[in-house]
Amino acid sequence: MTDSIAEPWSMDHRLHVLNQIESRLGPADTEGVRWMERRLTGKVIAVCSCGLNTGLVDRGQMRPAEELAAEHSPSL
Ligand SMILES: [Zn+2]
């Protein structure tokens, strides 16, 4: 019986690019019902379980998720 050789651990990556959203209660409609309104602020943030955090940036300045993934993790 031989001892198995443990493989080295490697970091997992779970990259997410999230839109920042704000909301407010809208005015009453003709039925008196008030709906929640939501809109994008135009800011986005990219975070990964490995610790990557770009901070909030303007949507137009965020690099594509595929590019971010490839850049910070060669295993993705
Ligand atoms: Zn990562």
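Residues numbered from 1 in each chain as written. Predicted model: local features only at pLDDT ≥ 70, side-chain atom pairs only at ≥ 80, totals over all residues.

Now for the overall build of the protein. A count of helical and extended segments in the protein gives 1 helix and 3 strands. Traced from its N-terminal end to its C-terminal end, the protein shows the element sequence β-β-β-α. A compact globule built from 76 residues should have a C-alpha radius of gyration of about 11 Å, whereas the protein, at 21 Å, is more than 25% larger. C-alpha atoms of the protein, sized along the principal axes, occupy 80 × 35 × 15 Å. (Helix = DSSP H or I, 4+ residues; strand = E, 2+ residues; numbered from the N terminus. Rg over C-alpha atoms; globule rule 2.2 N^0.38 Å.)

Another aspect to go through is the sheet that holds strand E3 (residues 57–58). Strand-to-strand pairing in sheets goes through backbone hydrogen bonds, with the strands running parallel or antiparallel. One open sheet accounts for 3 strands, arranged E1-E2-E3; its pairing is antiparallel. Each edge of the open sheet is held by one strand with a lone partner, namely strand E1 (15–25) and E3. Of the strand pairs in this sheet, E1 and strand E2 (residues 36–48) are connected by 10 bridges, and their pairing is antiparallel. Following the sheet pairing, Leu18 is matched in E2 by Ile45. Where helix H1 (residues 65–72) meets the sheet, it contacts E1 and E2, and its direction lies at approximately 135° from that of E1. (Pairing = 2+ DSSP bridges. Contact = placed C-beta atoms within 7 Å. Axes fitted to C-alpha atoms, helices over the stretch in contact; angles between N-to-C directions.)

As a further point, take the pairing of E2. Pairing analysis gives 2 bridges linking E2 to E3, with the strands arranged antiparallel. Across the sheet, Lys43 pairs through a bridge with Asp58, a residue of E3.

Our focus in this paragraph is the environment of Leu15. Assignment of secondary structure puts Leu15 in strand E1. By the C-beta count within 10 Å, which is 17 here, Leu15 ends up partly exposed. For the pair Leu15 and Cys48, spaced 33 residues apart in the sequence, the C-alpha separation amounts to 4.2 Å. In contact with Leu15, not counting residues within four places along its chain, are Ala46, Cys48, Ala65, Leu68 and Ala69. (Buried ≥ 20, exposed ≤ 12 C-beta atoms within 10 Å, placed from the backbone.)

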